[in-house]
Each structure stands twice: as C-alpha cells, then as structure tokens.
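# Fold and geometry: a report
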Amino acid sequence: MFHLHLNKGQRQAGFTLPEVLIAIAVISILAAIAMPNFLEWLPNIRLKAAARELYGNMQEAKLQAVKQNKDWAVVFDTVNNRYYVCSDKGADNSWSGADDAIGKGDNTIVKTVSLRNYKSGVGYGSGSIIPETTITFTNNVATFNPQGTCKSGYVYLDHEKNIDTLRVGTLSSGNIKITRWNGTDWK
C-alpha cells in the first residue's frame, strides 16, 4: 500500500479562493467582450447552416434519383418559407407543393425543411443583389433524373438584415454548389 506523507514545507496542490475568484472575473470580462461579436456573427452562421442543409438535401435527392432509377425533386414553397424533398409526383403527376394553391399537392414527401427553424430572419431572397429573385428553377422545383442531372438553377438565401447572400444551385451536369456574393461576383 502506498502512503503519501507531506513534509512541513510542502503544500497540497490546488487553488485558493482568491485565485478562483480572479479566474472567474477574467473569464467574465472576456465573455462580455466577445458576446457582441458572437451575436453579430450568429445570423450569418445560421444562414450558412441553412445553405449547407439545402445543399445536402439536394445531394440526397440526386443520389436517390440515381439509386432508385426515377425522378426525385426538391420543391420550394416560397410562401411558407420551406421546401420539400419528394420521391414521387403523386396522382396529379406534377411536383406541386404539399399545400399548393389548389390544395392538391400529393407528392410523396420524404422530408420537409422550414427555413423559419433557423430563426434570425433566414429566408428566400437575394437581398439587393438581384431584386425579386429567390428561385430560378422552373416552377420552383429542382428535379433530378435517374442520370443524376438537373436543369440548372439557383435558390437564393439571405438574411432579413442583408448580412450575406448565398445561393445553392445546380449546373446542367447535376453538380450542386454553394456560392456567396462577395460584392462583385459569386464565389
């Protein structure tokens, strides 16, 4: 059995109360300085997260179209600030939204994503870059065929404070990409 004996000149390891209080004070001051910067970045972080999720969902629709040898689509609902990943057009044979104007949306919806879940004012739009442009896909639908291709188009996402604008889109080859407006061009 091992026993530890301290000599009179040795101290036990640890922190004193004043040392702990000073450390807490320093951490509090640093947090107070960093918090406004974090709050300024938060909307942009949420916008990027929404773009990445859309990119991933478009990749999933493309993959499933090839895998299942049938069309899949991402249907954009700009009125309700959401989109649907769909595996089938349904009986009406159109990629209508689940709550379309006629109320006959009968797509087989695999996933519904609401941009409102990102909070901070994330939604469809291109800010002041291209006024009134939110989605350039025909009928607000990105359709992936069994070859994994899709007609080219973009979905523009921005923040109500116009902090940043991102676009997620496809080339006619089926390649999906996210680009950011840098003030003069999309990068």
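Now for a look at the structure at hand. Counting restarts for each chain: residues are numbered from 1 in the order of the written sequence. For a predicted model such as this one, the threshold for reporting local features is a pLDDT of at least 70, and the threshold for listing and counting side-chain atom pairs is 80 or more; totals across whole chains, interfaces and linings nevertheless cover every residue. Side-chain numbers here rest on the full set of heavy atoms in the structure, without hydrogens or water.

## Re the sheet that holds strand β7 (residues 165-170)
Whether two strands pair depends on DSSP finding at least two bridges between them. Helix numbering and strand numbering both begin at the N terminus, where a helix is a DSSP run of H or I of at least 4 residues and a strand a DSSP run of E of at least 2. Taken in spatial order, the four strands of this open sheet run β4-β6-β7-β8, and their pairing is antiparallel. The open sheet terminates on both sides in strands that have one partner only, identified here as β4 (122-124) and β8 (176-180). Recorded for the sheet is a direction-independent mean angle of 25° between the axes of neighbouring strands. Of the strand pairs in this sheet, β4 and strand β6 (residues 153-159) are connected by three bridges, and their pairing is antiparallel. Lines are fitted to the C-alpha atoms to define the axes, a helix being fitted only along its stretch in contact, and any angle between axes, read from their N-to-C directions, falls within 0 to 180 degrees.

## Things to note about the sheet that holds strand β3 (residues 108-114)
The strand order across the open sheet built from four strands is β3-β2-β1-β5, with neighbouring strands paired in antiparallel fashion. Edge positions in the open sheet fall to β3 and β5 (141-144), since each of these has one partner strand only. Neighbour to neighbour, the strand axes of the sheet diverge by 15° on average, direction disregarded. Note that strand β1 (residues 72-77) and strand β2 (residues 82-88) share five bridges and pair antiparallel. In the sheet register, Asp77 faces β2, and the bridge partner there is Arg82.

## Some points on the pairing of β7
A simple rule labels every residue: compare its accessible area, found with a 1.4 Å probe on the protein chains alone, to the largest value its type can have, and call it buried under 20%, exposed over 50%, or partly exposed in between. Extensive coverage of β7 is indicated by the burial of six of its six residues. Burial along β7 is two-sided: Thr165, Arg167 and Gly169 and Leu166, Val168 and Thr170, pointing in opposite directions, are all buried. For β6 and β7, the ladder comprises six bridges, and the chain directions are antiparallel. Of the residues in β7, the one forming a bridge with Val155 is Val168. With five bridges joining them, β7 and β8 adopt antiparallel strand pairing. Bridging across to β8, Gly169 finds its partner in Lys177. The turn linking β7 back onto β8 is made up of five residues, and Gly174 within it adopts a positive phi angle of 100°.

The quantities given are spatial measurements derived from coordinates; they are silent on function.
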